[in-house]
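# Descriptive analysis of the structure
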Amino acid sequence: MAEYERLEDLFHAADGLKELIREHPDLPLMVMAGPDACNDYGYVSCGYVYAELGECLDCYPGFDEERIYTDRNAFEEDLADNMAYDDESGKLPEAEFEANVKEKLAEYEPYWRPCIKVYVNN
């Protein structure tokens, strides 16, 4: 009988993920596939799996319809950059501009949704 190479790196115990789900059964999962997980096939098995508690901005911010934000600092930077290009906001004194950014950030506060983030990649 022929001996074939095993696919052990594609099977995961998922102990960390199981523990997060047990501890936070009310939180939804957000699965994020890395660039190496994508190809021409319908589904891809992934050799890398990592899970953590996190949060996600549960709306499109109006300035980037292709990005899903899971990091508040990155969102604040992008929001400020976007506001800086606005003719009115970009010409404000720095203190007033920063106050406007903080005010705009507050509008998004209800849209930050807790979740369990699952990262997969190859």
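No experiment lies behind these values; they were computed from the predicted model shown.

Conventions and cut-offs
Residues numbered from 1 in each chain as written. Predicted model: local features only at pLDDT ≥ 70, side-chain atom pairs only at ≥ 80, totals over all residues. Heavy atoms only, no water. Helix = DSSP H or I, 4+ residues; strand = E, 2+ residues; numbered from the N terminus. Rg over C-alpha atoms; globule rule 2.2 N^0.38 Å. Buried < 20%, exposed > 50% of the residue type's maximum accessible area, 1.4 Å probe, protein only. Contact = heavy atoms within 4.5 Å. Areas by Shrake-Rupley, 256 points an atom, 1.4 Å probe, with all protein chains shown as cover. Lys, Arg positive; Asp, Glu negative; His and termini not counted. Charge placed at Lys NZ, Arg CZ, Asp CG, Glu CD. Salt bridge = Lys/Arg side-chain N within 4 Å of Asp/Glu carboxyl O. Expected span 1.5 Å × (residues − 1). pLDDT = per-residue confidence, 0-100. Axes fitted to C-alpha atoms, helices over the stretch in contact; angles between N-to-C directions. Parallel < 35°, antiparallel > 145°, perpendicular 65-115°, else oblique. Left-handed = near helix turned anticlockwise from the far one by under 90°. Nonpolar A, V, L, I, M, F, W, Y, C, P; charged D, E, K, R; others polar.

## Quick look at the overall build of the chain
The number of helices and strands found in the chain is three helices and three strands. Taken from N to C terminus, the helices and strands of the chain fall in the order α-β-β-α-α-β. By the compact-globule yardstick of 14 Å for 122 residues, the chain is too spread out, its C-alpha radius of gyration being 20 Å. Once the C-alpha set of the chain is aligned to its principal axes, its extents read approximately 75 × 35 × 20 Å. Scored against the burial criterion, the 122 residues of the chain give a buried share of 23%. Excluding contacts between residues fewer than 6 apart, the proportion of contacts in the chain whose partners are at least 24 apart in sequence is 75%. Entry remark: accessible area of the chain is about 9,300 Å², with carbon and sulfur atoms responsible for 50%. If the 10 positive side-chain charges of the chain are averaged to one point and the 30 negative ones to another, these points end up 5 Å apart.

## What about the pattern of salt bridges?
Evaluation of the coordinates by the stated rule reveals eight salt bridges. Of the charged contacts in the structure, one is a salt bridge between lysine 117 and glutamate 52, with a shortest N-O distance of 3.4 Å. In this pair, lysine 117 is assigned in strand S3 (residues 112-121) and glutamate 52 in strand S2 (residues 48-57), connecting sequence segments 65 residues apart. A relative accessible area of 5% places lysine 117 in the buried class. Glutamate 52 gets classed as partly exposed once you look at its relative accessible area, which sits at 23%. Of the charged contacts, one joins glutamate 76 and lysine 102 as a salt bridge, the two residues approaching to 2.8 Å between their closest N and O atoms. Linking glutamate 76 in helix H2 (residues 72-85) with lysine 102 in helix H3 (residues 94-108), this pair joins segments that are 26 residues apart in sequence. If you follow the salt bridges from partner to partner, you end up with Glu55, Arg72 and Glu109 in one network.

## Points about H2
Here H2 spans 20 Å end to end across 14 residues, near enough to the 20 Å set by a 1.5 Å rise per residue. Against the buried residues of H2 lie S2, H3 and S3.

## Quick word on the confidence of the model for the chain
On average, residues of the chain carry a pLDDT of 86, and 95% of them reach 70 or more. For the chain, per-element mean pLDDT is lowest for strand S1 (residues 29-33), which scores 90, and highest for S3, which scores 93.

## Comments concerning the packing of H2 against H3
Between H2 and H3, the shortest axis-to-axis distance is 10 Å and the interhelical angle comes to 125 degrees. In this view, H2 runs oblique relative to H3, as classed from their interaxial angle. For the crossing formed where H2 meets H3, the hand is right-handed. Contacts between H2 and H3 involve Phe75, Glu76, Leu79, Ala80, Met83 and Ala84 from the former and Phe97, Asn100, Val101, Lys102, Lys104, Leu105 and Tyr108 from the latter. When grouped by side-chain class, the residues that make up the contact of H2 with H3 number nine nonpolar, one polar and three charged.

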